[in-house]
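Analysis of the macromolecular model
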Amino acid sequence: MAAEHGHGVVPEHAGVRLDPGIAAGVSEVHADVEPIPWKTGRVGVVEAIDLAGAGARASKDTVAVAAGVGVGVAAEVGVAAGVEVAARRKKKLPGSGIPPRRIAVILKWARRASQVGFFALFMYFLFQTAFRGSFAARADAAVRLPLPVEAFLLADPFVGAMTLLSTHAVYRGLLWSVGLLGLTMLVGRVFCGWICPFGTLHHFFGWLLPSRRGRGASRVEANKTHTYQRAKYYLLYAFLLAGMGGSAIGGLFDPICIAVRSIGLGVIPAAQYVAHRALGAAQDVHSRPVQAAADHAQDFLAQTVWQSKQFYFHETWFIVFLLVAVLFANRFIPRFWCRVLCPLGAFLGVFSRFALFGMTKDHAKCTDCNLCLVHCQGADSPQGGVKWRQDECHMCMNCENACPEDVIKFTFLPNLRSTIVAPDTVRRTALASVGAGAMFLPATRIADSLDVNYHPRVIRPPGAVEERSFLERCIRCAECMKVCPNNALHPAFFEAGVEGLWTPILIARVGYCEFSCVLCGQVCPTGAIQKIDEKEKMGIGQPPIKIGTAFYDHGRCLPWSMQTPCIVCEEFCPTSPKAIWVEEVDATVRDSKPGADGAPPAYKTVHLQRPHVDPSLCVGCGACEKVCPVQDQPAVYVTSVGETRSKTNIILLENTSYNQKT
Amino acid sequence: MNAGKKGAPAPGTALDVASPSRREMLVRAGSMAGTLGAVALGARIVWDKGGYGVERSTEARQIRDYRNAERDAEHAQLAIARAAPREAGDDSPAPTATPEQLVRRAVDAMGGMSKFVSRGDVVVVKPNIGWDRMPIHAANTNPDVVGAVIRLAFEAGAKKVVVADGSCNEPHRCFQRSGIWRTAYDLGAEVVLPQEHRFRSMRLKGDVLDEWPVFTTLVDADKVINVPVAKHHNLAKFTGAMKNWYGVLGGRRNRLHQNIDVSIADLATFMRPTLVVMDAWRVLLRNGPQGGNVDDAKDMHTIVASVDQLAVDAFGCTLIGQKSDNLPYLAMGEKRGLGTTRWSSLRVREV
């Protein structure tokens, strides 16, 4: 271990018994020579001499300052006179107490600032993934989001690679992911430690929530490299193979997708639910100022964080449950998600072998104090005596900052003798994972959900590509569901088959597709929903984009079966001419009350408008289903048949020929 | 106790049998009794005896009356402002007056806005912002007409002008694409979108409308100006001033259509505006109420003002070729004393 660094004279674990400075035979250096500034901690027996020397230097510097060199010099002096800092510091540093290099401290704080900043940016983009209108916009201005709210997903190289394998193309903004790959190849997995919002969340919860077993020696043990960390590589290989076969199902495990999905569809609506009730209670207080304050708070939150109405998402409890579970895991294994499951981390880990920036360790100086391990994020073996695992390291710089013995240093082009650069996966397991990934697709596709049996409720968003292409592209990031202003798009549970878990479907009972809205395509990072414009969607000068067709249930419809006027569906039908047309009829209806003297109830004639659907005009937006007053199971409902994107899931002969990119 | 168990103290030793002190017994008994008493009392206070009774209202209808006292006889009761017909040979496409000029003429004929709005009033302007349509589709009130009313209200000394409506389509889209949001904001009016927390349940005590969520912004005002758009409606046949009050309600409005005429009459009974300024600048003739095709609407360049909602609607429906006799809600309103459908019997002034 230590011997390979040429300090043959040093016994192993010398530091346990001896001051490492003495053990290494360097104490004379400290006694006579100008100490290296970042080494002038309280180094054993030489401390007094060092202090005296520093005092002398300090007084010299004071003269220099007095001579008018300037205050800027004084600041530099402050750095040089690290001794004074150490002497003034009340808290005793552990071990030899050598303070970390200044650059390491700066990088640590830069990393913290970066984590906070990128997390805030992510949340801001998520809050802005909504249309809140604008008083400044002209009436004829196209409604689009002003910010690239899907930016984090565009920069995600796992998404890029997966969809590259499935579609053989890099879709539009996903080209940005090459930049992140480049960053990784330059400085390692800084994305995980510095940028990833989901990683930051785990970092925070790992710090906040350690269990009794997650502290001290157990934490050190938990933070050593474990073989279970290979799991993420096997997951990655399986997902990439599934991608090659034509399914972007890896999005289920992509950390950015999970963050958008679970925070956007779970945490934010739940927070709104709580706030709405709390502030609603405040509005009931009989005090004008309290009511006004609650009102303004609701206004502000609706304009910034959520929207003016409560959003609900189909079966979202499971998404939230998984988030809570994976956050809870931090109690036992810090950053469990990042170390064990994250396929994006694995992807970056594979490429971090090319990184030019990395760690060198002076094993001889290590005293096995394990302070580096207490603070380690990636479980990448920063401690002395073992090789550093570059593919696991998040580049958080905690170890160098924690090390009191000057063992760990991060540099450009480090000596790689004590580094393992590539994942230590087992070849057979990797091949088995690849096989599992390759098997996945046929296994899900021979289920009847895709080719032979269309689920009537799998209504895809407008502009969605044909179902096979859709599954090649949809990473279940939930951006479309978050942005949908009518709360119409929902994560499918098993409606679209196992392979379609959490892909977007329209549930018209909750919200309908707004006729002139194209926001879901705008935010889709992979082109599963194409970036259509209003003309294409509404069919101005071309056929409109249909997502399904409406049908009447005459047994439940008021004018059809209860002889009661209604036709709200016709009122809301957005096409012109309306796809819902009414037939004027005079129908017989029985009185609800019996006649005089127990005579049978009388009959009378009422004038009614009975609605019909013109399937060639209906676009399947679901407005009729949404507003149908038959509340539980509507008398008019939309199913996916007739959708423009499909060449087979259609009714009418005339719709069989159209120009559709597939 | 446990006499035979190995290691347990032998019976009779002080440790085992000594009774607790009287003080301790009292404390223990007292805390037991106190806790039980507190729980029983608490349970009694929140005790629900059950039952399924639904409270039925027998009280009179709720009315929000924002009208001023009857005005002097020199002013019109119904003012109709139209852009002058073009002279022969003049075939320029532009109308001869702007919507703002027409609104001013109509309101002036009514005696001017100062007859309706006093200095320091909070004025609510209620346009029709029901649909995600642009001004050219004429499904919402024309933004220039709304702007003119806002300007007149400010000129009359209004402290604050609030523009609000409960939309049918997604409200942000409706407010933005109707052009009303921008116009109102530029004029310094407060625009309030129908956010969930703005609605409060109210007992309207109408014939079919009893307890409904009401858009509080629209009823918390000194003066309310109804600025509807005249247009075709497939079920109600015509929608104008009276039907415009649908925007006051939240909740599931889709049930109202089963008895749309009584619903409209109930709402028009509840809301009695200070003034009605009806926009017939461009009128939707078919595919109402939301239209969507530019050809469905026709330019009429007309603005109608009155305090009488019935008279406005009775006149307005003639613009789309309807007769007031065909609109049952007008007859109901007349029966309830809300106004008159014989608009020509009023002091009508065409300007």
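This is a predicted model, so every value here is computed, not measured. The residue count restarts for each chain, going from 1 along the sequence in the order it is written. Both sets of labels track the order of writing: A upward for chains, 1 upward for ligands. Whole-chain, interface and lining totals are the exception, using all residues; otherwise, since this is a predicted model, local features are given only for residues with pLDDT of at least 70 and side-chain atom pairs are given and counted only at 80 or more.

1. Structural notes on the overall build of chain B
Only runs of H or I of at least four residues qualify as helices and only runs of E of at least two qualify as strands under DSSP, and these elements are numbered from the N terminus. Of the regular secondary structure elements, chain B holds 10 helices and 14 strands. Atoms considered for the radius of gyration are the C-alpha atoms alone. The globule rule reads 2.2 Å times the number of residues to the power 0.38. What you see for chain B is a C-alpha radius of gyration of 31 Å, clearly larger than the 20 Å of a compact globule of 351 residues, by over 25%.

2. Quick notes on the environment of Ser616(A)
Residues and elements named next belong to chain A. Counting through the fold element by element, Ser616 comes out in the loop between strand 9 (603-613) and helix 29 (623-627). Judged by C-beta crowding, with 14 C-beta atoms within 10 Å, Ser616 ranks as partly exposed. Between the C-alpha atoms of Ser616 and Gly642, which are 26 residues apart in sequence, the distance is 9.0 Å. With C-beta atoms placed from the backbone, a residue is buried if 20 or more other C-beta atoms are within 10 Å of its own, exposed if 12 or fewer are, and partly exposed between those counts.

3. Let's talk about the interface of chain B and chain A
Once C-beta atoms are placed from the backbone, any two residues with those atoms within 7 Å are in contact. On the side of chain A, 44 residues touch chain B, which itself brings 35 residues to the contact. Elements with a contribution of two residues or more to the side of chain B that touches chain A: helix 5 (171-177) and helix 6 (180-186) of chain B. Charged means Asp, Glu, Lys or Arg here, nonpolar means Ala, Val, Leu, Ile, Met, Phe, Trp, Tyr, Cys or Pro, and polar covers whatever is left, Gly included. A breakdown of the residues in the side of chain B that touches chain A according to their chemical character gives 11 nonpolar, 16 polar and 8 charged.

4. Concerning unusual backbone geometry
Pro577(A) follows Ser576(A) through a cis peptide bond whose omega is 0 degrees. Within the secondary structure layout, Pro577(A) lies in the loop between helix 28 (568-572) and strand 8 (580-590). For Arg172(A), which is not a glycine, the phi torsion comes out positive at approximately 40 degrees. The backbone phi angle of Lys237(B) is positive, close to 75 degrees, even though this residue is not glycine. Within the secondary structure, Lys237(B) is located in strand 10 (residues 237-239). For Lys237(B), a count of 18 C-beta atoms within 10 Å corresponds to the partly exposed category.

5. Some words on helix 9 (residues 157-167) of chain A
Residues lying three or four places apart along an α-helix face the same way, a consequence of the helix completing one turn every 3.6 residues. All names here are of chain A. Among the 11 residues in helix 9, 8 count as buried, and that is most of the element. Packing partners of the buried residues in helix 9 comprise helix 8 (151-154), helix 10 (176-187), helix 14 (231-245), helix 19 (343-351) and helix 23 (467-473). In the segment just after helix 9, His168 is the residue with positive phi, at about 60 degrees.

6. Some words on the nonpolar core
Nonpolar cores are identified as sets of buried Ala, Val, Leu, Ile, Met, Phe, Trp, Tyr and Cys residues joined via C-beta atoms within 7 Å. Residues Ala106(B), Val125(B), Val149(B), Ala153(B), Val277(B) and Ile303(B) are the most contacted members of the largest nonpolar core, which totals 251 residues. Ranked by the residues each element gives to this core, the list is headed by helix 14 of chain A, at 10 residues.

7. What about helix 22 (residues 427-445) of chain A?
Given the number of residues in a helix, its expected span is that number minus one, multiplied by 1.5 Å. Look at helix 22 of chain A: 28 Å from first C-alpha to last across 19 residues, which is about the 27 Å you get at 1.5 Å a residue. Two axes define the bend at a residue: one fitted to the seven residues ending there, one fitted to the seven starting there, and the bend is the angle between them. Met439(A) marks where helix 22 of chain A bends most, by close to 25 degrees; the proline Pro442(A) follows one to four residues later.

8. Focus on the pairing of strand 4 (residues 160-164) of chain B
All names here are of chain B. Taken across its 5 residues, strand 4 has 4 buried, putting it largely inside the fold. Pairing of strand 3 (residues 122-127) with strand 4 involves 4 bridges; the strand directions are parallel. Bridging across to strand 4, Val122 finds its partner in Lys160. Taken together, strand 3, helix 4 (residues 143-155) and strand 4 form a β-α-β motif whose crossover is right-handed. What makes two strands pair is DSSP finding at least two bridges between them. As defined by bridge partners, strand 4 adjoins strand 5 (residues 190-192) across 3 bridges and the pair is classed as parallel. The partner of Val163 across the bridge, within strand 5, is Val191. When the strands point away from the viewer, a crossover counts as right-handed if the path from the first strand over the helix to the second runs clockwise.

9. Thoughts on the confidence of the model for chain B
Residues and elements named next belong to chain B. Known as pLDDT, the predictor's confidence for each residue is given on a scale from 0 to 100. Averaged over chain B, the pLDDT score is 88; the fraction of residues at 70 or greater is 92%. Within the model, the stretch residues 1-5 combines pLDDT values under 50 with 3 contacts to residues more than four positions away or in other chains. At the level of chain-chain contacts, confidence expressed as ipTM amounts to 0.83, with global pTM at 0.84.

10. Notes on the packing of helix 15 (residues 255-283) of chain A against helix 17 (residues 316-328) of chain A
All names here are of chain A. Orientation of helix 15 relative to helix 17, taken along the N-to-C sense of each, is 125 degrees, at an axis distance of 9 Å. If you check the angle between helix 15 and helix 17, you find them oblique. Crossing handedness for the pair helix 15 and helix 17: left-handed. Contacts between helix 15 and helix 17 involve Arg261, Ser262, Leu265 and Gly266 on the former and, on the latter, Thr316, Ile319, Val320 and Leu323. Residues of the contact of helix 15 with helix 17, tallied by class, amount to 4 nonpolar, 3 polar and 1 charged. Here an axis means a line fitted to C-alpha atoms, over the contact stretch when the element is a helix, while the angle between two N-to-C directions is reported on a 0 to 180 degree scale. Should an angle lie under 35 degrees it is considered roughly parallel, over 145 roughly antiparallel, and from 65 to 115 roughly perpendicular; all remaining angles are considered oblique. Crossing handedness follows the turn of the near helix against the far one: under a right angle anticlockwise gives a left-handed crossing, and clockwise gives a right-handed one.

11. Observations regarding the packing of helix 9 of chain A against helix 14 of chain A
How two helices pack is summed up by the angle between their axes together with the distance between the axes. Residues and elements named next belong to chain A. Contact pair helix 9 / helix 14: the axes reach a minimum separation of 6 Å and the direction vectors enclose 30 degrees. Here helix 9 contributes Ala161, Met162, Leu165 and Ser166 to the contact with helix 14, which in turn contributes Phe239, Leu240, Gly243 and Met244. The residue inventory of the contact of helix 9 with helix 14, partitioned by class, reads 6 nonpolar, 2 polar and no charged.

12. Some details on the confidence of the model for chain A
Do not read the predicted coordinates in detail wherever pLDDT is low. All names here are of chain A. Taken as a whole, chain A shows an average pLDDT of 85; of its residues, 84% reach a score of 70 or greater. Every residue in residues 1-83 is under pLDDT 50, and counting partners more than four places away or in other chains gives 94 contacts. Here residues 658-662 is a poorly scored stretch, pLDDT under 50, and it has 7 contacts once near neighbours within four places are set aside; other chains count.

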